[in-house]
Structures are given as structure tokens and as C-alpha cells.
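One letter stands for each residue in the lines below.
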Amino acid sequence: MLVDNPMISDFRVEREAQALTDTGWQVHIHAVQRPDLPTHELKSFGHLERSLPRSIRSPLSMDYARSRSKFARELKNRGVQVIHAHDHACLDFAVAVKRISSSVRIVYDAHEYLAGWPLYKDIPEPFDRLKGYLVWRWSVLRERANIPFADSMITVSKSLCAEFKSNYQLKAAPLLIRNIPNTKHDITIMDMNEIIGIDESLHIHVHSGNVYHSDARIAMLLRSYVRRKDIFLLFICNTFNKAKVLRVAESEGLEWTHRIGFIDYPKDHDQLMGMLASCDVGVIHTWQPDWPSHWLSLPNRLMEYTLCGLPIIATKQPEFMSFQKQMGHCVLFHGEDENELDSAIDQVEMNTQHLKMMAKQAAGSISWEQESKALLDLHHSLQPRAMDRP
């Protein structure tokens, strides 16, 4: 496997690697080099080697082509047979291996829809935004050129499967493997009211993970919660996202200290699930209709909230509407309508017990064990496990 980060924590990669390892494959994960981390680590999900050059994220740098060629030769010399490339940057390195070793099989695991994720638009400084655009545009064109070299392709939602097939003129849609957590054992529930120091009578509505919203959407979310005396909005996020939310709260002049709080996003997924299971409602507000990667996504947090038995307040997006129709434990609102958000919060609070019952039923209908069967079948079709070879 190739991963375009140092693999401090990457839940999807770990889940997939663990499923393959548990079923008899030898998994070797190449992650990005970082001087303060070990080059080699033996993990339960395989051998982790931080050998990918840091230039993998800088495709327009002078060193990019040289380091890509060097890495490709190293993998060829090791006799690698199947490369599972996570996201577009790793796909480019995987294709470099295939160009000099044509028997190599490639699985492209597209966590995101790059053509619909123009991150450069969030860069405030004009010159840096231009550089960001050039990198994004190069990466989109390179991904389009590389996809035909992949023997198989995976992505995370039905909508993105259809979008990839249409936009890239694929003969077949990518294989769907959703981001469903691996919960083989009972979740150890943490007491978040006690941990964050709030009255046990307060209901916790939790927003977990990155805060992708615009300042206007953050302000709308905060306004809807700070005026409620019986609800506490908890962000489980990193320091960058915390600063983003606090900046908006302060610019809006909101009295937020007794209504909104933050806790660091944990590196351990079991710990995250224990935090979520102690909350009362999950919140998803990823309203960006002009960014298809977000608009068509089926994010981790939707599945995490569901497996923790939480009712969900979420924006009216294609995958969320389909999920709600199937499961019945979500209340949806238009992402730019503050009145609809207020109404959604009211509905959840008035129907909490019923929605929790529906969430429990939904949790029983999804599992990583079931979802991973498609991944295992795919890899078995490309290369039998060592135990299955004659």
C-alpha cells in the first residue's frame, strides 16, 4: 500500500490493511518520510515503512520526478506484485512502478474526488492561491492520465462512483467501499459531560472531524446553538479547526463559553467512538454544493455516529438523503437556511428516543466485516494470498 501521509493515524488505510492482513495477505505500507518518526514499525495491520519522499505532495518541485523514479525502481527491485494506492498522489507513484514493471497490478483507492475538491480557493493570498491552482490543476490532469493504468478502482459513495464513471469515461463504475468503522468489540463509553465539565442534564450535540464550512455557515451553526440553554455543542477536532471556529465566534460577538466546547481529535479510533457514544446527537454540516467531492460524499462521521447509536442532524445532500430514506434516524436541513437548522434541532430534541431506536436498528444493519468482503474479493482476484498459492 502507498499512503501520502506519515501514517500517524489514517483510519481507512488501517481498516483495509487490517482486513487484508487478518485474511492472510502480507501487507507492506509505504508512508511519507518524517524525520521525527521511525522508518520502520511493525503494526497489527502490517509492516509500516516511511519511505515515500516528502516531495510526493509537491508535484511541481524540482525533485519530484527524480524522487518518483527512484522510489519506483526500489519497488520494482523488491518484486512487488500489487500496489494499493491511496489517493491521487500515490497513484502517480504506483503508475511510475508499472511503467517499468508492466506485470504490477494497481488498485486505486480514491478517498476524495480531486476534480471536485478545489482546495486552492480557500487560500487568501493571491500568489499562493495561484500556486495552489497550478498544483491542483496539474494533479487533476495527472489523475485523469493515470486512472487507465489502474486495474481496479475504489471510492467511498455511490454518488462518487457515478461521478467518476461519467467524468472520466470509465467502462465500469468504481467499486464502492464505504467508510464503516471496524467495531469488533463493544465500545467503551466515556462520560463526556464529566470530561468537559458540564452539567449532566445538558444534551451534547457533537461535530466530529474537520470543519469544512465557510465562515458564514460556521456562524449560522454557532448562532443556532448558543441560544439554547439545554444543549452543548462539542467540536472534536484539531487545533486548526478549533481556531477557525473560535475566530468566527469572536467576530460574531457570540457568548459561547457555556454552550460550545472543544476536545482534541484522538489518534485512537476506539477512543473516538467512546467519545461519540457518550453524546446525544451527531451533527454534519458540509454544505458546499459547488464542491462535488464534499457534496457527493459519504463521510466517516455519518457511519461513526450511526454505529454509536446517535440521531443525526445533517445537511440535505444526495448521499445523506438516501441514507436517511434507508435508515430513518436523520433529520435533514438546507445548509443555508438557519430556520431549517433550528427546526431540525427542535425535531431531534422532541423525538430523541424514537430516533435513537432507529439509530440502533441502523447500527445493526451495517458493519465493516460485511463491507470489507468486496475489498478481499478484489485483492484475491488480483493476487492469491500466499496460503492459497500452489
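Residues numbered from 1 in each chain as written. Predicted model: local features only at pLDDT ≥ 70, side-chain atom pairs only at ≥ 80, totals over all residues. Heavy atoms only, no water.

Draft legend 1. Expanded view of helix 9 (residues 269-277). Of all nine residues in helix 9, seven are buried; the element is thus mostly enclosed. Along helix 9, the residues classified as buried are His269, Leu272, Met273, Gly274, Met275, Leu276 and Ala277. On its buried side, helix 9 packs onto helix 1 (11-22), helix 6 (192-195), strand 8 (203-208), strand 9 (231-237), strand 10 (260-264) and helix 11 (300-307). Sitting at the head of helix 9, Asp268 places a side-chain oxygen 3.1 Å from the backbone nitrogen of Asp270. (Buried < 20%, exposed > 50% of the residue type's maximum accessible area, 1.4 Å probe, protein only. Helix = DSSP H or I, 4+ residues; strand = E, 2+ residues; numbered from the N terminus. Contact = heavy atoms within 4.5 Å. Polar contact = N/O pair within 3.5 Å; in protein donor to acceptor, adjacent residues only side chain to side chain.)

Draft legend 2. How the structure looks around the pattern of salt bridges. Counting across every chain of the model gives 22 salt bridges. In this structure, the salt-bridge partner of Arg34 is Asp36, at a minimum N-O distance of 2.7 Å. Here Arg34 falls in the partly exposed class, since its relative accessible area comes to 32%. Between Lys356 and Asp280 there is a salt bridge, and its shortest N-O distance comes to 3.6 Å. Residue Lys356 is located in helix 14 (residues 352-363), and its partner Asp280 is located in the loop between helix 9 and strand 11 (281-284); the two are separated by 76 residues in the primary sequence. Overall, Lys356 belongs to the partly exposed group, its relative accessible area being 25%. Salt bridges sharing common partners tie together Arg223, Arg227, Glu252, Glu338 and Asp342. (Salt bridge = Lys/Arg side-chain N within 4 Å of Asp/Glu carboxyl O.)

Draft legend 3. Examining the sheet that holds strand 10 more closely. Spatial strand order, 10-9-8-11-12-13: six strands in an open sheet with parallel pairing. The outermost strands of the open sheet, each flanked by one partner alone, are strand 10 and strand 13 (330-333). Adjacent strand axes in the sheet meet at a mean angle of 25°, parallel and antiparallel pairs treated alike. Where helix 7 (residues 215-226) meets the sheet, it contacts strand 8, strand 9, strand 10, strand 11, strand 12 (312-315) and strand 13, and its direction lies at approximately 145° from that of strand 9. (Pairing = 2+ DSSP bridges. Axes fitted to C-alpha atoms, helices over the stretch in contact; angles between N-to-C directions.)

Draft legend 4. View of the sheet that holds strand 6 (residues 152-155). Taken together, four strands build an open sheet; the order of strands is 4-5-6-7 and the sheet is parallel. Two strands bound the open sheet, and with one partner strand each, they are strand 4 (82-86) and strand 7 (175-176). One ladder, built from two bridges, connects strand 6 with strand 7; its direction is parallel. Counterpart to Ile154 in the pairing with strand 7 is Leu175. Each of strand 4, strand 5 (105-109) and strand 6 is contacted by helix 1, which is oriented at about 155° to strand 4, the strand it contacts most. Where helix 3 (residues 87-100) meets the sheet, its contacts fall on strand 4 and strand 5, and the angle it forms with strand 4 comes to roughly 155°.

Draft legend 5. Region of interest: the pairing of strand 11. Along strand 11, one buried face is formed by Val281 and Val283 and the opposite face, lined by Gly282 and Ile284, is buried too. Taken together, the two bridges between strand 8 and strand 11 define a ladder with parallel strand orientation. Its bridge partner being in strand 11, His205 is matched across the sheet by Val281. Relative to strand 12, strand 11 runs parallel, the two sharing three bridges. If you follow Gly282 over to strand 12, its bridge partner there is Ile312.

Draft legend 6. Examining the packing of aromatic side chains more closely. Counting across every chain of the model gives twelve aromatic pairs. Here the aromatic rings of Tyr64 and Trp138 are separated by 5.7 Å at their centres, their planes lie at 85°, and the arrangement is edge-to-face. Highlighted residues: Tyr64 in helix 2 (residues 64-77) and Trp138 in helix 4 (residues 126-146), separated in sequence by 74 residues. In this structure Tyr64 comes out as buried when scored by relative accessible area, which is 3%. Considering the side-chain rings of Trp256 and Phe262, the 6.1 Å spacing of their centres and the 80° angle between planes classify their relative orientation as edge-to-face. (Phe/Tyr/Trp six-rings, centres within 6.5 Å; stacked < 30°, edge-to-face > 60°.)

Draft legend 7. Main features of the packing of helix 2 against helix 3. Where helix 2 meets helix 3, the axes come as close as 8 Å, and the angle between the chain directions of the two elements is 60°. By the criterion of interaxial angle, the relationship of helix 2 to helix 3 is oblique. Where helix 2 crosses over helix 3, the handedness of that crossing is right-handed. Seen from helix 2, the contacting residues are Tyr64, Ser67, Arg68, Phe71, Ala72, Arg73, Leu75 and Lys76; seen from helix 3, they are Asp92, Phe93, Ala96, Val97 and Ile100. Residue composition of the contact of helix 2 with helix 3, grouped by class: eight nonpolar, one polar and four charged. (Parallel < 35°, antiparallel > 145°, perpendicular 65-115°, else oblique. Left-handed = near helix turned anticlockwise from the far one by under 90°. Nonpolar A, V, L, I, M, F, W, Y, C, P; charged D, E, K, R; others polar.)

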